[in-house]
Amino acid sequence: MFEFPESLQFGISEPIDRAVKWMLVNWDGFFDGISNFVLMVFDAVQGALGILPWWLILIGIFFAGYKLYNLRTGITLTLMLFAIGLFGLWDLMIYTLVIVIISVLVSVVLGIPMGILMAKFEIIKKISLPLLDAMQTMPSFVYLLPAVMFFGFGKVPAVIATTTYAIPPLIRLTYLGISSVDTEIIEAGKSFGSTAKQMLLKIELPQALSTIMTGVNQTTMMAMAMVVISSMIGAEGIGGQVLIAIRRLEVGSGFQAGLAIVFLAIVLDRVLQGVANKLKETE
Amino acid sequence: MANKIEIKDLTLVFGKKKEIALEMLDQGKTIQEIREETGIAIGVNNINLDIEEGELFVIVGLSGSGKSSLIRCLNMLNKPTKGKVLIDGENICEYDKKQLIEIRRKKISMVFQHFGLLNHRSVLKNVEYGLEVQGIKEAERKEKALKSIELVGLSGWENYFPRQLSGGMKQRVGLARALTNDAEILLMDEPFSALDPLIRKDMQADLLGMTDYIDKTIIFITHDMNEAFRLGDRAALMKDGKIVQVGKPAEFFENPANEYVERFIEDVDKSRILRVKTVMRKNMYLAKVSDNRETVIKNIESNDRGYCYVNDENNKLLGFVELEKLKDSEDDNISKLVDKNYEEINRNAFLSEIWTKLDESAYDVAVTDKSNRIRGIISYADAVAALS
């Protein structure tokens, strides 16, 4: 009477399992290709960051904070990054940073064109908006599963999961930025005989730039959050430290790693926000 | 003068259900009725209009009268639902994308109410925009852009950004941008409505001054009757997507088409808004300094006059000759007989400013522009007739 009738139960988990298995068998090469590509990019970015000595990175952050805000912010940001080094987490931080950077790069390459298409074609907008809503309400854990299924454990699924989780805000804000360009500016562009390509490159994208930059900032923050969680599927980095601390019930080292994550997030947020604000000022 | 633009049976319906709206219009329903019954908005309702080459034509009407919708049909920012827009005899409604881009680049440019400036570009880069999209080389477009920046009086501001300029200066940038690609037709959509009254007056004067140097057909939109009559060679009053009356400013006062027009012009002080150019007579006999004396005499007599104005070789006004003097002389060359002490009035002067000059002059006074070309003549009687 009060129980949900068993005869009405119909799970979708089994068909999904079957579909995944089928894809794994039949699209083997496709996943291997992606896997190899991600590894290659990972090594390249890690190599690039590895060339930079730690003090150069600190100086860079100081100047970014100083130029974008003021002397105090410059010093604060530098001290935060310096503290991560003091905690002995510098190398792990670079590792985390590499995953975040790759995720953001992929998000930019895929997300901005996607946002533009949404702004240009009604039909794509209608399909994408609910999809983006779903992606943004889905618990972050769920993204780990398909990543693991298709790419096993390690940094590749971590990059994939992080990117998938982080890309929606950039798509959404690109769409918003492009579609909310002042109508008179659009008309002005058209009235001087701009082609569609010129409209996009010379008018719409520059006008939407600060909104898109806000999207990049949000995507970076989402990636930061996800990269910690993806330590559960074998990504190393600072998140891995937290995971180890949880398993061993080491409150101190867990707190230390957590603080390092917060510091890194603040530094990234401030710098990107600063760039977005600078762009907004020019409007 | 030839017609630069001809608008024929032009109707513009917004939204998707265009057929229904057209059908209802055919049944003689007004656009309010259609909007109430179906929710379809109609911008322009069956308009016919000819605009002459070189004319400053003003379209005036309250907001929602369809004037902005109409002007956007002239460069296809709005695609007309029915009818034709002929520019130099070609129906631009049938143009494909390529032709449309071409005509927008070369023939028509536009100035917007809220300026429509690209705020990520400097003044210079804004003004260059029309040439930049045509792929013209940087040096050439900079040269042309600087010329039009100078024409609108913004020299020295090239490297500023729009956000650093006042409203009036922003619109000067908008105007300079529209002048740079040397289009024959200039569309101005309420260009001065967002400006302070004083600055607006300056801009109006400057625009009129500029028309002495540039030969463009200008279509100017405004909701202000005073502005319309101050600026326009001719004006059209719009209401509910239709044209109520077209004509020279003076004609609106002489024969208002209906009560609506009467109410519209009620508060307008005629002598302060009627300009000489809208009252002057354009058809007159003009002699050239190289003309033979006999021919000049014959022409003056056939026009039943006692004198005529004389142009020099470059079509600039030289002076006038009297019939008496011509008859007394025996020299075939008339250049020695030309009296250079003539009275002249700028064609953009208001009637209120010229009474004394007209009163003192025994002849019709020459109406000239800034480059000293004679555009017409005006007498005391003409001015009185216009104001009565």
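Since the structure is predicted, the reported quantities are computational estimates derived from the model, not experimental observations. (Residues numbered from 1 in each chain as written. Chains lettered and ligands numbered in written order. Predicted model: local features only at pLDDT ≥ 70, side-chain atom pairs only at ≥ 80, totals over all residues.)

As for the overall build of chain A
Moving on, step 1. Helix and strand counts for chain A come out as 12 helices and 0 strands.
Moving on, step 2. Secondary structure elements in chain A, listed N-terminal to C-terminal, are α-α-α-α-α-α-α-α-α-α-α-α.
Moving on, step 3. Overall size of chain A, expressed as C-alpha extent along the three principal axes, is 65 × 55 × 45 Å.
Moving on, step 4. When burial is assessed residue by residue, chain A has 39% of its 283 residues classed as buried.
Moving on, step 5. Nonlocal contacts in chain A, meaning residues at least 24 apart in sequence, comprise 77% of its contacts between residues at least 6 apart. (Helix = DSSP H or I, 4+ residues; strand = E, 2+ residues; numbered from the N terminus. Buried ≥ 20, exposed ≤ 12 C-beta atoms within 10 Å, placed from the backbone. Contact = placed C-beta atoms within 7 Å.)

A word on unusual backbone geometry
Residues and elements named next belong to chain B.
Moving on, step 1. Although it is not a glycine, N46 sits at a positive phi angle of roughly 50°.
Moving on, step 2. On the secondary structure map, N46 appears in strand β2 (residues 42-52).
Moving on, step 3. Positioned with a positive phi, E190 is a non-glycine residue whose angle comes to about 40°.

As for the sheet that holds strand β16 (residues 374-378) of chain B
Paired through their backbone hydrogen bonds, the strands of a sheet run either parallel or antiparallel.
Residue and element names in this part refer to chain B.
Moving on, step 1. Taken in spatial order, the 3 strands of this open sheet run β14-β15-β16, and their pairing is mixed. Strand pairing shows two members of the sheet lacking a second neighbour, β14 (344-346) and β16, which therefore form its edges. The average undirected angle you get between the axes of adjacent strands in this sheet is 35°.
Moving on, step 2. Here β14 runs beside strand β15 (residues 365-368); their pairing, made up of 3 bridges, is parallel. In the sheet register, N346 faces β15, and the bridge partner there is T368. (Pairing = 2+ DSSP bridges. Axes fitted to C-alpha atoms, helices over the stretch in contact; angles between N-to-C directions.)

Brief notes about the packing of helix α8 (residues 155-179) of chain A against helix α10 (residues 196-229) of chain A
Residue and element names in this part refer to chain A.
Moving on, step 1. As a packed pair, α8 and α10 sit with axes 7 Å apart at the nearest point and diverge in direction by 155°. Classified by the interaxial angle, the pair formed by α8 and α10 is roughly antiparallel. Here α8 runs over α10; the crossing is right-handed.
Moving on, step 2. Looking at side-chain class alone, the contact of α8 with α10 contains 17 nonpolar, 8 polar and 1 charged residues. (Parallel < 35°, antiparallel > 145°, perpendicular 65-115°, else oblique. Left-handed = near helix turned anticlockwise from the far one by under 90°. Nonpolar A, V, L, I, M, F, W, Y, C, P; charged D, E, K, R; others polar.)

Considering the pairing of strand β8 (residues 217-222) of chain B
Residue and element names in this part refer to chain B.
Moving on, step 1. For β8, the tally of buried residues reaches 6 of 6 residues, placing the bulk of the element in the interior.
Moving on, step 2. Burial of the side chains of β8 extends over both faces: T217, I219 and I221 are buried on one face and I218, F220 and T222 on the other.
Moving on, step 3. The pairing of strand β3 (residues 56-61) with β8 spans 5 bridges and is classified as parallel. Along β8, the bridge assignment pairs V60 with T222.
Moving on, step 4. The pairing of strand β7 (residues 185-189) with β8 spans 5 bridges and is classified as parallel. Each bridged residue has a counterpart across the sheet, and for D189 the counterpart in β8 is I221.

Here's the deal with the domain arrangement of chain B
All names here are of chain B.
Moving on, step 1. Per the domain assignment, the segments making up chain B are domain 1 (52-77 + 96-270) and domain 2 (286-387).
Moving on, step 2. Once you take the C-alpha centre of each, domain 1 and domain 2 turn out to be 33 Å apart.
Moving on, step 3. Across the boundary between the two partners, domain 1 contributes 6 residues, which contact 6 residues of domain 2.
Moving on, step 4. Of the residues assigned to the side of domain 1 that touches domain 2, the class counts are 3 nonpolar, 1 polar and 2 charged. (Domains from an automatic or database assignment.)

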